[in-house]
Amino acid sequence: MLKEIEIAKSWSFSEKTTKDTSYITHGYYTYPAKFIPQLAQRLIVENSNNGDIIIDPFSGSGTTVLESIVNHRIGKGTDINEIATLIAKVKTTPINPILLSKEFTNLYFDITNRLNRQYDYYLKEALAKIPKNERIDYWFKNETKNKLAILLTKILENQNNDIRDFFLVSFAQILKTCSIWMQKSVKPTRDLKKKDYEPIKTFFEQTKKMIKKHAEFDKILNNEIKQNIDNYREIKCQDARNLPCEDEKATLIVTSPPYVTSYEYADLHQLPLLWFGYLNKLSEFRKKFMGSAYKERKNIDLQSNLASEIVTKLGNNKKSKEVKNYFADMLETWIETKRVLKKGGRACIVIGNTQFNGVEILNAEVFKEQFENIGFKTHKIIHREIPSKMLPSTRDAETGRFAKTSNTDKLAYPTEYILIMEKL
């Protein structure tokens, strides 16, 4: 069992502060369950060389891609979530700092003018353009919604895509604060007594922080990469089983895959998804994620005896189907990583284990077995403590779903594993 592997203290990065883990553009957006940049950086530096192609099939907010380009590699990533793709692109896109500051000033004065003069005119125009979705009214008070609508409409008028997207990420980041979503909860819970935050003030404060972080990014990014970013970074909103890379060209995969309950991440991103028009029904959006029970599969070879045992233990129910589909989806992803990796290339998979209905879901052990059965060997396995996570650290022991600490008796991810698998 992998849990018997001694914990490698140097891989916990427990000495790192929030300031350390949100350096340069990493702190633009509060993204759930992302791994810290120091972890990605160490894996990249120890397992690749300058100029190598590094890929993250589940790129999320772009941590691996960002650390790749900062460390003089070529970073590529995919994610099925439109918001994640937007964030990752913005975090890794160089923008002239003088131009960015100028556009910020223009936006500030224009929004101030729209709110103080001809407010009714601009409000009517804005409400006609934003998505019509009752979930926006569910999460936002009317006055807040109106101001956000005017702000979003103005942002979308910007003809410079990089500047526009920069402001969109700032907009996305303030939505939870300005909504009635309970501030300290990652679960979608309303707090009808929550303090009101002035959205325009909150937006400009957030944007100022991002501009400062961008200046730090601009200083450390290699000029060659900065001037030719499209040659060094590629981020696609697409399935992990369709990586943007030719056969046997990549040196390294560095990724932290979603867990079997990945649909919970969809719940957490619903506010910007609603405002940007990517979400009509949450249930439909969830179907895109790994392990969706809506998929019908027959005669699945999971390439893992352990995976089959786990599915059998769960019985004949929806949970069992989710887990089976999840392991099947992940296997297809590992086969795709094999396609893009050079011989001797490595896949670094950061994953922990969990429970469903009292059954241990040994993700790390299953993934190791799957990799070995499709043509990889185990190079190294690292057992690390997790000092903090942005998702709750506890799960309900019966359902396996995230829950408040007071309602649980099971730690979700006290430790996790880094599987370093090498292509034969």
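Residues numbered from 1 in each chain as written. Predicted model: local features only at pLDDT ≥ 70, side-chain atom pairs only at ≥ 80, totals over all residues. Heavy atoms only, no water.

A few words now on the overall build of the chain. Check the secondary structure of the chain and you find 18 helices and 11 strands. On C-alpha atoms alone, the chain measures out to a radius of gyration of 22 Å, which is about the 22 Å that the 2.2 N^0.38 rule sets for 424 residues. Overall, the C-alpha framework of the chain stretches about 70 × 50 × 40 Å when taken along its three principal axes. In the form shown here, the chain has an accessible surface area of approximately 19,200 Å², with 47% of it arising from carbon and sulfur atoms. Distance between charge centroids for the chain: 3 Å, based on 67 positive and 53 negative side chains. (Helix = DSSP H or I, 4+ residues; strand = E, 2+ residues; numbered from the N terminus. Rg over C-alpha atoms; globule rule 2.2 N^0.38 Å. Areas by Shrake-Rupley, 256 points an atom, 1.4 Å probe, with all protein chains shown as cover. Lys, Arg positive; Asp, Glu negative; His and termini not counted. Charge placed at Lys NZ, Arg CZ, Asp CG, Glu CD.)

Ordered by their spatial adjacency, 7 strands build an open sheet running β3-β2-β1-β4-β5-β11-β8, and the pairing between neighbours is mixed. The open sheet has two free edges, formed respectively by β3 (233-236) and β8 (376-385), since each of these has just one partner strand. Taking the axes of each pair of neighbouring strands and ignoring which way they run, one obtains an average angle of 15 degrees across the sheet. Of the pairings in the sheet, the one linking strand β1 (residues 53-56) to strand β4 (residues 250-255) comprises 2 bridges and is parallel in character. Residue pairing across strands places Ile54 opposite Leu252, the latter belonging to β4. (Pairing = 2+ DSSP bridges. Axes fitted to C-alpha atoms, helices over the stretch in contact; angles between N-to-C directions.)

Moving on to the pattern of salt bridges. Tallying each qualifying case throughout the model produces 26 salt bridges. A salt bridge links Asp218 to Lys226, with the nearest nitrogen and oxygen atoms 3.5 Å apart. Each of Asp110, Arg114, Lys154 and Glu157 takes part in a single network of salt bridges with overlapping partners. (Salt bridge = Lys/Arg side-chain N within 4 Å of Asp/Glu carboxyl O.)

All right, on to the pairing of β3 then. Burial of β3 is one-sided: the residues Arg233 and Ile235 facing one way are buried, the residues Glu234 and Lys236 facing the other way are not. Where strand β2 (residues 74-78) meets β3, 4 bridges bridge the pair, whose relative direction is parallel. Bridging across to β3, Gly75 finds its partner in Arg233. (Buried < 20%, exposed > 50% of the residue type's maximum accessible area, 1.4 Å probe, protein only.)

Contact geometry of helix α17 (residues 318-340) with helix α18 (residues 363-373) gives a least axis separation of 10 Å together with a crossing angle of 45 degrees. Judged by the angle between their axes, α17 and α18 are oblique. Between α17 and α18 lies a crossing whose hand is right-handed. Note on element contacts: α18 touches α17 through Asn363, Val366, Phe367, Gln370 and Phe371, opposite Tyr326, Phe327, Met330, Leu331, Trp334 and Thr337. Looking at the contact of α17 with α18, its residues break down into 8 nonpolar, 3 polar and no charged. (Parallel < 35°, antiparallel > 145°, perpendicular 65-115°, else oblique. Left-handed = near helix turned anticlockwise from the far one by under 90°. Contact = heavy atoms within 4.5 Å. Nonpolar A, V, L, I, M, F, W, Y, C, P; charged D, E, K, R; others polar.)

Looking now at the environment of Asn47. On the secondary structure map, Asn47 appears in helix α2 (residues 37-47). Excluding residues that lie within four positions of it along the chain, Asn47 makes contacts with Thr251, Leu252, Arg346, Cys348 and Ile420.

Packing of helix α5 (residues 97-116) against helix α9 (residues 161-178) brings their axes to within 11 Å, and their N-to-C directions diverge by 60 degrees. Note that α5 runs across α9; the crossing there is right-handed. Here Leu99, Leu100, Glu103, Phe104 and Leu107 of α5 come into contact with α9, specifically with Ile163, Phe166 and Phe167. For the contact of α5 with α9, the residue count by class is 7 nonpolar, no polar and 1 charged.

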